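Close look at the chain arrangement
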Amino acid sequence: MLILWIMAQCRRGLCCSCCLRWPLKIILMVSLFPGVLPQTVLVNDTISGYIGTDVTLHCSFVNPLPSVKITQVTWQKSTNGSKQNVAIYNPSMGVSILPPYKERVVFQNPSFRDGTIQLTRLQLEDEGAYICEFATFPTGNRESQLNLTVLAKPSNQMDGPVKQLVAVIGSTSKVVVATCTSANGKPPSSVSWETKLKGEAEFQEIKNDNGTVTVISRYRLVPNREAHRETLTCVINYQTERHTETTTLNVQYEPQVSIEGFDGNWYVKRTDVKLTCKADANPSPSSYQWRMVNGSLPDGAEVNNNTLLFRGPVTYSLSGTYICEAKNAVGSRTSQVEVNVTEFPFTPTPPERSDKNAPTIFSAAIIGGAVGGALLVLTVAIILFVVLRRRHHTFKGDYSTKKHVYGNGYSKAGVAQHPPMAQSLQYPEDSDDEKKVGPLGSSYEEEEEGPDGRKLGPKYDDESKRPYFTVEEGERRGYGEDRTLGFQYEPEDLPDNLVPQNDGSFISKKEWYV
């Protein structure tokens, strides 16, 4: 009988702990040797229920002996070590329910073996340890204890901000935009947030006197234009239940202004042009104002709320910078656009056409670059050829064939020419004084003096032998500007067989025409 009773309780899910408490060996011993184990009271180890619901407290007397007589079944609640009677069943006296359980506790099927009761309309105060006791004669009392847990479903709600959210430009202060509350729960709930907003959540737990817990979570962020119309969802998890509430933020901010209508192709005599002032604002703008940088609108301009219409054809007078100002309850902002009027319309190339011609343009650029490079190389080659040929005509043959003319190289025209320099210098060997430089192959003992007594330089017996002399020497000798400072051959005085060169030298016509 015991085995069948335990199996029945397990199948009903009413006494799962009994299955765990009674190992297989004990069950076998009870079935094989019924008198081995003492009489036992079986109850649920734990049971739970929500406030306001009903629970059943199971209690059975196991292995009664034929000689044992059950005189009474009693339910008691253990509070701080003391026992308080809840319900009593006496076969002779009947059923008795004591306050505060009166009218909330009933015996389901009172008998000598079954003392199960039902507790209705659970209250938080009902939570505690309950004892089921069987009074027997002559073996005495047998009892077992179970624990009743009373659960409290929380009340959940989500509240918006206390005051209207207003975006303040440059502000970094965070304000509470939503509050999520799970009140009077037992056990406490867990609260989280689901949103795209960039804010932070703070949590608070309040333990109530009745054993319940209130969880409060506040979501803070900096009100801004991006947060407007974003959703914020509070998620509350309690036991196996999930509760969500969603709110949409309403953030007020000043207008964000832009001007549309100028396409960069306003040309003279074009018609039906206008400028439109677009403003993103919450609340919507209450007014729009148009003006120009110089303070006055052109003739023919007509303001229609957020639109600036231009009557008649476009003229150059429409050029300038236009400003639109939008205002709402939060503030005002402006935007401006620079309008340029052209004489002729501009027709841009369609994008699809540009895409089709892109490879052709790219190929043309490559070919053009190659042709340009070839022309550059050809031009440089021609210049080098002309320069080298000119040099070839200027001097042909060995430089040693040039005939040098004595003189300083100055022509009557005043063009400076560079005289040939002496290839080597020599010093008088028998002089103890400071060595004086003289041209190779020349000798002199004294310097020539001028009319004022100043030294004019080395004296030469034959001036035609002087290789050159300086301008200062020429001035001291009294030569004028129209006279050359040295002897030279004028072109008309040259022999027929000589040709003058740029460096002041001469070569024979035979060498020139080689």
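Up top is the structure these notes are about.
In this report, the structure presented in the accompanying data block is examined. Given the structure is predicted, the values throughout are model-derived calculations rather than measurements. (Residues numbered from 1 in each chain as written. Predicted model: local features only at pLDDT ≥ 70, side-chain atom pairs only at ≥ 80, totals over all residues. Heavy atoms only, no water.)

**Description of the overall build of the chain**
For the chain, the helix and strand inventory stands at six helices and 35 strands. Evaluated residue by residue, the chain yields a buried proportion of 33% over its 514 residues. Sequence separation of 24 or more characterises 56% of the internal contacts of the chain that already satisfy a separation of 6 or more. Within the structure as shown, the chain displays about 32,600 Å² of accessible surface, and the carbon and sulfur contribution to it stands at 53%. (Helix = DSSP H or I, 4+ residues; strand = E, 2+ residues; numbered from the N terminus. Buried < 20%, exposed > 50% of the residue type's maximum accessible area, 1.4 Å probe, protein only. Contact = heavy atoms within 4.5 Å. Areas by Shrake-Rupley, 256 points an atom, 1.4 Å probe, with all protein chains shown as cover.)

**Observations regarding the sheet that holds strand β20 (residues 251-260)**
Judged by pairing direction, the sheet is mixed, and its five strands sit side by side in the order β13-β20-β22-β25-β24 without closing on themselves. Strands with a single pairing partner mark the edges of an open sheet, and in this sheet they are β13 (165-166) and β24 (301-304). For β20 and strand β22 (residues 273-282), the ladder comprises six bridges, and the chain directions are antiparallel. In the sheet register, Glu-260 faces β22, and the bridge partner there is Thr-276. (Pairing = 2+ DSSP bridges.)

**Details of the side chain of Thr-74**
In this structure, Thr-74 sits in strand β5 (residues 69-79). Residue class for Thr-74 comes out buried when judged on its relative accessible area of 5%. What Thr-74 contacts, discounting residues up to four positions off in sequence, is Asn-85, Ala-87, Ile-88, Ile-131, Cys-132 and Glu-133.

**Some details on the pattern of salt bridges**
Taken as a whole, this structure holds 12 salt bridges when the rule is applied. Note that Glu-194 is salt-bridged to Arg-242, the shortest N-O span being 3.1 Å. Within this pair, whereas Glu-194 is found in strand β15 (residues 190-195), its partner Arg-242 is found in strand β19 (residues 241-248), the two being separated by 48 residues in sequence. Residue Glu-194 is classed as partly exposed on the basis of its relative accessible area, which comes to 43%. With relative accessibility at 53%, the residue Arg-242 sits in the exposed group. Note that Arg-311 and Glu-302 form a salt bridge whose closest N and O atoms lie 3.1 Å from each other. (Salt bridge = Lys/Arg side-chain N within 4 Å of Asp/Glu carboxyl O.)

**Some details on the environment of Tyr-89**
Tracing the sequence through the fold places Tyr-89 in strand β6 (residues 82-90). The spatial distance from the C-alpha of Tyr-89 to the C-alpha of Trp-75 is 8.9 Å, given a sequence separation of 14 residues. In this structure, Tyr-89 is in contact with Gln-72, Val-73, Gly-94, Val-95, Phe-107, Pro-110 and Ser-111, ignoring residues within four places of it in sequence.

**Focus: the nonpolar core**
Among the nonpolar cores identified, the biggest contains 28 residues, and Trp-75 and Tyr-130 are the most heavily contacted of them. Counting 20 residues, the second largest nonpolar core, distinct from the first, contains Val-213, Leu-221, Cys-234 and Leu-249. (Core = buried A, V, L, I, M, F, W, Y, C linked by side-chain atoms within 4.5 Å.)

**A word on a nonpolar patch on the surface**
Together, Ile-367, Val-371, Leu-375, Leu-378, Ile-382, Phe-385 and Val-386 give the surface a local cluster of nonpolar side chains, amounting to about 680 Å² of exposed area. Looking at the element boundaries, Val-371 is found in helix α4 (residues 351-394). Accessibility expressed as a relative area gives 46% for Val-371, which makes it partly exposed. (Patch = residues over 30% accessible without salt bridge, like charges linked within 9 Å, V, L, I, M, F, W, Y side chains within 5 Å.)

**A closer look at the state of the cysteines**
Inspection of every chain in the model, using the stated rule, returns three disulfides. Paired by a disulfide, Cys-59 and Cys-132 hold their sulfur atoms 1.7 Å apart. Here Cys-59 and Cys-132 share a disulfide; its torsion about the S-S bond, -85°, makes the bridge left-handed. In this pair, Cys-59 is assigned in strand β4 (residues 59-62) and Cys-132 in strand β10 (residues 128-137), connecting sequence segments 73 residues apart. (Disulfide = S-S within 2.5 Å.)

**Some details on the sheet that holds strand β27 (residues 332-339)**
Ordered by their spatial adjacency, three strands build an open sheet running β23-β26-β27, and the pairing between neighbours is antiparallel. Each edge of the open sheet carries a strand with a single partner, namely β23 (287-292) and β27. For this sheet, the mean inter-axis angle between neighbouring strands, taken without regard to orientation, is 20°. Two strands pair when backbone bridges link them, and strand β26 (residues 320-327) and β27 are joined in this way by eight bridges, in the antiparallel orientation. Bridge pairing links Thr-321 to Glu-338 in β27. (Axes fitted to C-alpha atoms, helices over the stretch in contact; angles between N-to-C directions.)

**A closer look at the pairing of β4**
For a regular strand, side-chain orientation follows a simple rule: the groups alternate between the two sheet faces. Across the two faces of β4 the burial is the same, with Cys-59 and Phe-61 and Ser-60 and Val-62 all buried. In this sheet, β4 lies alongside strand β1 (residues 40-43) in antiparallel orientation, the contact comprising four bridges. In the strand pairing of β4, Thr-40 is matched with Val-62.

**Notes on the packing of aromatic side chains**
Describing an aromatic ring pair means giving the distance of the ring centres and the angle of the ring planes. Under the criterion given, the structure shown has six aromatic pairs. Ring centres 5.6 Å apart and planes at 75° place the aromatic pair Trp-266 and Phe-310 in the edge-to-face group. Taken together, the residues Trp-266 in strand β21 (residues 266-267) and Phe-310 in strand β25 (residues 307-310) connect sequence positions 44 residues apart. Neither Trp-266 nor Phe-310 differs from the other in exposure class; each is buried. One aromatic cluster is present, formed by Phe-262, Trp-266, Phe-310 and Tyr-322 through successive ring pairs. (Phe/Tyr/Trp six-rings, centres within 6.5 Å; stacked < 30°, edge-to-face > 60°.)

**Section: the environment of Leu-275**
If you trace the backbone, Leu-275 turns up in strand β22. The spatial distance from the C-alpha of Leu-275 to the C-alpha of Tyr-322 is 9.0 Å, given a sequence separation of 47 residues.

**Some thoughts on unusual backbone geometry**
A cis amide bond links Phe-137 to the next residue, Pro-138, at an omega of 15°. Along the polypeptide, Pro-138 turns up in the loop between β10 and β11 (140-151). Between Asn-282 and the following residue, Pro-283, the backbone shows a cis peptide bond with an omega angle of 0°. At Asn-184, a position not held by glycine, the phi torsion is positive, near 60°. For Lys-269, which is not a glycine, the phi torsion comes out positive at approximately 75°. If you trace the backbone, Lys-269 turns up in the loop between β21 and β22.

By themselves, these are just geometric observations and shouldn't be taken as functional.
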